[in-house]
Each structure stands twice: as C-alpha cells, then as structure tokens.
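Residue-level structural notes
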Amino acid sequence: MRRWLIGMGLVWVAALGAGTAQACMMCGPSLGCATSSAGGRWCIAGNSVCMMGGVCLTNSRPTLPLEQMGMIQVTIVEDAPGANPAPSRLVRDAGVVAVGRHALRIARGPGAGSGSDDAIVFSGRGYAEGGTAVFRSSAGDGFALTRQSEGRGARLRVCALAGGFPGRLLANERVGEDDALVVRVPFEGRTRVLVLQAPTLPRDEALRREGEAARAIREAGFGRPEPTRPPFELTVMDR
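**Quick notes on the nonpolar core**
- Formed by 30 residues in total, the largest nonpolar core has its most connected members in Phe135 and Val158.
- Among residues more than four places away in sequence, those in contact with Phe135 are Ile44, Val74, Asp141, Gly142, Phe143, Leu145, Leu161, Phe232, Glu233 and Leu234.
- Counting 15 residues, the second-largest nonpolar core is a separate cluster that includes Ala98, Ala103, Ile106 and Ala180.

Below, the structure is given as structure tokens:
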C-alpha cells in the first residue's frame, strides 16, 4: 500500500494581514508533522498518512508565543447503538490521548462497548492554529473545524458543510487540555462521530503528547491494511 503524503492540499489564499501559527508545519519523511520555516498552518498525521493545509504566513504577527504549540487530535468513528445520543458533548478529563482506541472509548461513553478497531474511520494528530479546516468526504459532506488557542486548551467550533463551506453549527466549546469534544457529524452519507482534543502546550510537553498519540494510532492499526489515501480532502480557509 502507498504511504500517502498530501502537500498540495494547501489552499493558497491571498490573505494579506492574516494571522499565522507560532511556526509553520510540514509533513516530514516519516509522515509525521514537523516545524519548518515554511509550510502549512495545519498538519495532521495518521497511520501512514500526512496532510497539510493553509498558508503559513511567516511575515505576519504570530497568534501564539514561539514556545507554545497548538495541538489537534482528530478521530472519526462509526456511530453505534447504545452510545450517548447527544448531538455534541464535552468530556472532561478524558485523558492525554484521544485517538485510536482511546477515541472509541470516549465516543461510546460509559456503559457502551468500546467497539472494534474496524470502527475507526480515521485517527490523526498534529498541529493547527488559525483558519478553518474543511474535511470533505468523497460524498461531498463532512465538517468544518476552527481551532483557537485559549490558555492551555482551545476553543473548538464544528460546523456541517453546506456546498463545501461551513454551514449549520454543530458545536462551539472551550476545551481544556485534557478534555475531549464529541460531535455527531455527517460523513460519507451517514452520521459518524467526531472526537477532538486540542491542548496548547509548551514545545516539550507537546512533543511528548504527540508521541503518545502516534503510538495509540499505530496500535489501533495493527493487523489492518494501511490506507491508500485519507477518507477526506483537507483544505483550510483563511477564516
């Protein structure tokens, strides 16, 4: 199977004066996200998949101090009978990892089975700050995600897509560093469950947590075929 690198998913918006993250991000040779002098504002790495999005404008004012990193963990899982039916919910103190099997547990909620690894549609981790990321499935549906750092956490806004752009609001929450946001989203013609975590941490802490997330993603992928490509197209709008 091919290991998939999407570097041309960058949306080259002409955004004079637009904000940027504390550092630009690139997909490295090992298909993980790494800081760079040029690259994207968003970078998400899964198991043998890495994607960048948005233009990192290094000549504009940073939105975060240079020593801080805005992290993102994104997992899409199958909905399941018996799981919490709320359209969205904030899970306090969900843990430091919210990908792979941890995301399945968070999505199902107390009293529901965790489900098998096959229920994981996609699981990835990386860095993001500024702009709105659009996750568009091959069916034309999906969701838009905005992340804005607040303290050691972030404010997350999730919208359903309408004509390829953010539409109906699904969730708008301030998420702490160990919290997770669970949102039901339209994806590939049916309802799927999105699990998000978004700590804002000093560089050393961020790298340690990303390492834990990467291990959790690999463990959930053991015995499964490597993906030939991501289940969505990633683009990043300036707003």
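Picking up where we left off.
**Considering helix H1 (residues 100-108)**
- All of the buried residues along H1 are Gly100, Ala103, Leu104, Ile106, Ala107 and Arg108.
- Looking at the buried side of H1, the elements it contacts are strand E6 (68-78), strand E7 (88-91), strand E8 (120-128), strand E13 (180-187), strand E14 (190-197) and helix H2 (203-221).
- A positive backbone phi angle near 85° is found at Gly109, which sits one or two residues after H1.

**Notes on the state of the cysteines**
- Under the counting rule described, the total for this entry stands at three disulfides.
- At a sulfur-sulfur separation of 2.1 Å, the disulfide partner of Cys27 is Cys50. Every disulfide takes its handedness from the sign of the S-S torsion; for Cys27 and Cys50 that torsion is -90°, giving left-handed. One end of the pair, Cys27, is in strand E2 (residues 24-27); the other, Cys50, is in strand E5 (residues 49-53), and 23 residues separate them in sequence.
- On the basis of relative accessibility, which here comes to 13%, the residue Cys27 falls in the buried class.
- Paired through a disulfide, Cys33 and Cys43 show a sulfur-sulfur distance of 2.1 Å. Measuring handedness by torsion sign, the sulfur bridge of Cys33 and Cys43 sits at about -90° and is left-handed. With a gap of 10 residues between them, Cys33 in strand E3 (residues 33-36) and Cys43 in strand E4 (residues 42-45) connect regions that are remote in the sequence.

Calculation notes
Residues numbered from 1 in each chain as written. Predicted model: local features only at pLDDT ≥ 70, side-chain atom pairs only at ≥ 80, totals over all residues. Heavy atoms only, no water. Core = buried A, V, L, I, M, F, W, Y, C linked by side-chain atoms within 4.5 Å. Buried < 20%, exposed > 50% of the residue type's maximum accessible area, 1.4 Å probe, protein only. Contact = heavy atoms within 4.5 Å. Helix = DSSP H or I, 4+ residues; strand = E, 2+ residues; numbered from the N terminus. Disulfide = S-S within 2.5 Å.

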